[in-house]
Amino acid sequence: MAFLQLPTVSPIGRINSKLLIPSFSSLRTCTSTAGKRIGERPKLERFSRSIPKCCLAGAETEIDEVTPNHVAIIIDGHRKWAKSRGVTVQEGHQTGVNNWKHIISRASQLGIKLLTIWALSPQNFNRSKMEVDFLMRIYEDFLRSDVKELVTSQQDIQFSAIGDKSRLPEYLQDAISYAEGLSQANKGMHFILAVAYGGREDIVEAARKIAAKVEHGILRPDDIDEATFEQHLMTNITKFPSPDLLIRAAGEQRLSNFFLWQLPFTEFYFTPKLFPDFGEADLLDALASYRCRYRGFGERKGIHE
Ligand SMILES: CC(C)=CCC/C(C)=C/CC/C(C)=C/COP(=O)(O)OP(=O)(O)O
């Protein structure tokens, strides 16, 4: 297999005289057995259980350079999980939510800067009221216990929620404000809960806000460009609005009205794992897969920029 040899500079000034990446023609299969890991790299070790061999070949780079800034997760498969175990759907949802804390904490330890979990779409309000109400209650519990613990821990995690909060019951809105307030001064990884969030709704709302500014003479139509539009989306609360990596659980390979503007160059990772079974090891698998991707951004700029 051929390799491209590129001079690299570590953004944090550590190792890296050279970074060897598989040449474009070899990227599809990731099956090369060429090369070995060089030296002791404890950070790389954490990923070694599932890194395709081509990614290990000659990879003289710190893991930080290939850690996505923003990871987004579409949780799915709670019903299937419950059915396969002969337990209630509620138990499926609860088991899924119980996993969030561990995933968030691990993501923070791994150097991810922003983690978004999509917990409810506007369309989901058309599901059974009993199930929706149950979700609202367990999300409230999650915010008042797990998120409280995360944002007051040494990990210093920031918390925000995005979505149409007016559609949420007051007790959940209060719990969101409570958790956001607690984390206000934090500087660690940002955890965003997307709840009652829809991609199309986000875009429509942004267009409405921009139209209002035009109406009031604050903006001229000619001033509207991609940056202006992005500033009016709900993801404007972060400097990493576009996920580098999107994970969807439970085998479905669609967006279901999640981030629509934000994903043009995002890497997708679909896993058959049902979300209640999704844990830290699955997050590592997704990151290992990401590490192997060639990100061209339509310009073939390079990897993982
Ligand atoms: C009862 C109830 C409110 C369940 C919510 C399920 C849940 C936890 C959704 C969170 C993430 C989400 C919107 C996934 C998309 O699947 P989708 O099932 O919304 O979309 P799809 O039909 O395209 O798979």
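Definitions and limits used
- Residues numbered from 1 in each chain as written.
- Predicted model: local features only at pLDDT ≥ 70, side-chain atom pairs only at ≥ 80, totals over all residues.
- Heavy atoms only, no water.
- Buried < 20%, exposed > 50% of the residue type's maximum accessible area, 1.4 Å probe, protein only.
- Helix = DSSP H or I, 4+ residues; strand = E, 2+ residues; numbered from the N terminus.
- Pairing = 2+ DSSP bridges.
- Near = heavy atom within 4 Å.
- Polar contact = N/O pair within 3.5 Å; in protein donor to acceptor, adjacent residues only side chain to side chain.
- Areas by Shrake-Rupley, 256 points an atom, 1.4 Å probe, with all protein chains shown as cover.
- Core = buried A, V, L, I, M, F, W, Y, C linked by side-chain atoms within 4.5 Å.

Looking at an unreviewed UniProt entry, one finds the protein chain named Alkyl transferase and attributed to Lavandula x intermedia.

Participant: Any details on the pairing of strand 8 (residues 267-270)? Residues and values, ideally.
Facilitator: Across the two faces of strand 8 the burial differs, with E267 and Y269 buried and F268 and F270 not buried at all. Looking at chain direction, strand 7 (residues 245-248) and strand 8 are connected through four bridges and run parallel. The residue of strand 8 that forms the bridge with L245 is E267.

Participant: Can you tell me about the site of the ligand, naming the residues and giving the values?
Facilitator: The local shell around the ligand holds 16 residues, among which N124, R127, R248, R254 and S256 are the closest. The side chain of N124 places a nitrogen or oxygen atom 2.9 Å from an oxygen atom of the ligand. One nitrogen or oxygen atom from the side chain of S256 is found 2.6 Å from an oxygen atom belonging to the ligand. Notes on the ligand: free accessible area 600 Å², of which the protein chains cover 85%. Breaking the shell around the ligand down by element, the ones donating at least two residues are strand 4 (114-120) and helix 5 (129-151).

Participant: Explain the nonpolar core to me, and be specific about the residues and the numbers.
Facilitator: The biggest cluster of nonpolar side chains holds 49 residues, and the ones touching the most others in it are W100, I104, L115, Y139, L143, F159 and F191. Core analysis: the second largest hydrophobic core is formed by 13 residues, W118, Y197, L246 and L263 among them.

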